[in-house]
Amino acid sequence: MRLYLASTSPARRALLAQTGIEPVLVAPGVDEDAAVAGAATSLGRDLTGPELVAMLAVAKASAVADAPVDGSPVDGFVFGGDSAFEVDGVLYGKPHDPEVARERWRQMLAAGGGTLWSGHCVVDRRRVADAPDVLDAPAQRPGGAGRADTVPPVRTVDASGGGPLGAAAFVAGVTPGGSAMVAAGDHVVAVDSAVLTFADDMSPEEIDAYVATGEPLEVAGAFTIDGRAAAYITRIDGAPSAVVGLSLPVLRSMLLRGFGIAWHDLWAL
């Protein structure tokens, strides 16, 4: 069973690889800033953390699911993910600039911590073995639809009822430390979260030294739990993998409860 990762993130690929899954990496080509700005304009307000990461996860997964990969249609499952870090109601994406990263660290330390929002979307693109241009019928897929055979079942929604956010609107009510999951057609969408606490004795010199490594510049929240910043994070309430880039327990549950697919079915044996 093939899993396509709608991302070129080394961290997300490494997470999957360490659990025995070797994904096919595909750059989704989504203009994230434009997508967020368009949704915010339609809603007449800024997006919340859960809304933003879920919407972008859906956009990334959908972009890869409906495009050829190396000249052939996608055959398997497509996963898209996105992350954002929230501190005192402010969402932090990638800082890009060293001074922006320093200021964010000062703000994060002043607050003591924050919430990492992790958006997930899995799209089913399994195809008939001898007719690669034909999508497999749900009733004929291994494991059946899945959502009717697991407890608790996944809540099924109509994505058109979510307005400009689509299915992402139905997982927007997640509170810090919680998670939510819905199914909409051949998409399963979820949001997970983790609450982080930072060291209360981190010095300005340590901030400067960390920013100088370049590590925090291209990651949400300006830190990575699987890198140098691990020493500055004293507590995580939630799945540690969600902080790295995707919640492995949530992804496993999405596949099992949404499509009847066991985690080990994706192992590269």
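Below: a short report on this structure. Nothing here was measured: the structure is a model prediction, and the numbers come from that model.

## Examining the overall build of the protein chain
In terms of helices and strands, the protein chain carries seven helices and 11 strands. The buried share of the protein chain, taken over its 269 residues, is 49%. Of the contacts made within the protein chain by residues no fewer than 6 positions apart, 69% connect residues no fewer than 24 positions apart. Summed over all atoms, the accessible surface of the protein chain reaches about 11,800 Å², with 53% contributed by carbon and sulfur.

## Quick notes on unusual backbone geometry
Backbone geometry places D88, a non-glycine residue, at a positive phi of 50 degrees. Residue D88 is classed as exposed on the basis of its relative accessible area of 70%. Of note, H96 is a non-glycine position whose phi angle comes to about 65 degrees, a positive value. Position of H96 among the secondary structure elements: in the loop between β4 (90-92) and α4 (98-111). The class of H96 is partly exposed, set by a relative accessible area of 48%.

## Digging into the packing of helix α2 (residues 32-43) against helix α3 (residues 49-65)
α3 packs onto α2 with a crossing angle of 125 degrees between their chain directions and a minimal axis gap of 11 Å. With respect to each other, α2 and α3 are oriented oblique. Handedness of the crossing formed by α2 with α3: right-handed. Between α2 and α3, the residues in contact are E32, A35, V36 and A39 and L52, M55, L56 and K60, respectively. Residue composition of the contact of α2 with α3, by class: six nonpolar, no polar and two charged.

## Details of the pattern of salt bridges
Summed over all chains, the structure comprises 13 salt bridges. Across the pair D237 and R235 runs a salt bridge whose closest N-O atoms are separated by 3.0 Å. The class of D237 is partly exposed, set by a relative accessible area of 32%. One network of salt bridges, with partners in common, ties together E99, R102, E103, R106 and D208.

## Quick notes on the environment of E206
Tracing the chain through its elements places E206 in helix α5 (residues 204-212). Sequence separation between E206 and Y232 is 26 residues; the distance between their C-alpha atoms is 9.5 Å. Apart from residues no more than four positions distant in its own chain, E206 is found in contact with D201 and Y232.

## Things to note about the nonpolar core
Formed by 33 residues in total, the largest nonpolar core has its most connected members in L47, M55, V78, C121, V189 and V191. Of all the elements in the fold, those that place two or more residues in this core are α2, α3, β3 (76-87), β5 (113-125), β9 (179-184) and β10 (187-198). In terms of residue count, α3 provides more of this core than any other element does, 10 residues in total. Among all residues touching V78, those that are not within four sequence positions of it are Y4, A6, A61, V64, A65, C121, V122 and V123. V188, L248, V250 and L251 belong to the second largest nonpolar core, which has 23 residues in total.

## Some words on the packing of α4 against α5
Put simply, α4 and α5 touch, their axes get as near as 10 Å, and they point 140 degrees apart. In this view, α4 runs oblique relative to α5, as classed from their interaxial angle. Two packed elements cross with a definite hand, and for α4 against α5 that hand is right-handed. Contacts between α4 and α5 pair P98, A101, R102, W105, R106 and L109 from the former with I207, D208, Y210 and V211 from the latter. Among the residues making up the contact of α4 with α5, the classes are represented as seven nonpolar, no polar and three charged.

Cut-offs used in this document
- Residues numbered from 1 in each chain as written.
- Predicted model: local features only at pLDDT ≥ 70, side-chain atom pairs only at ≥ 80, totals over all residues.
- Heavy atoms only, no water.
- Helix = DSSP H or I, 4+ residues; strand = E, 2+ residues; numbered from the N terminus.
- Buried < 20%, exposed > 50% of the residue type's maximum accessible area, 1.4 Å probe, protein only.
- Contact = heavy atoms within 4.5 Å.
- Areas by Shrake-Rupley, 256 points an atom, 1.4 Å probe, with all protein chains shown as cover.
- Axes fitted to C-alpha atoms, helices over the stretch in contact; angles between N-to-C directions.
- Parallel < 35°, antiparallel > 145°, perpendicular 65-115°, else oblique.
- Left-handed = near helix turned anticlockwise from the far one by under 90°.
- Nonpolar A, V, L, I, M, F, W, Y, C, P; charged D, E, K, R; others polar.
- Salt bridge = Lys/Arg side-chain N within 4 Å of Asp/Glu carboxyl O.
- Core = buried A, V, L, I, M, F, W, Y, C linked by side-chain atoms within 4.5 Å.

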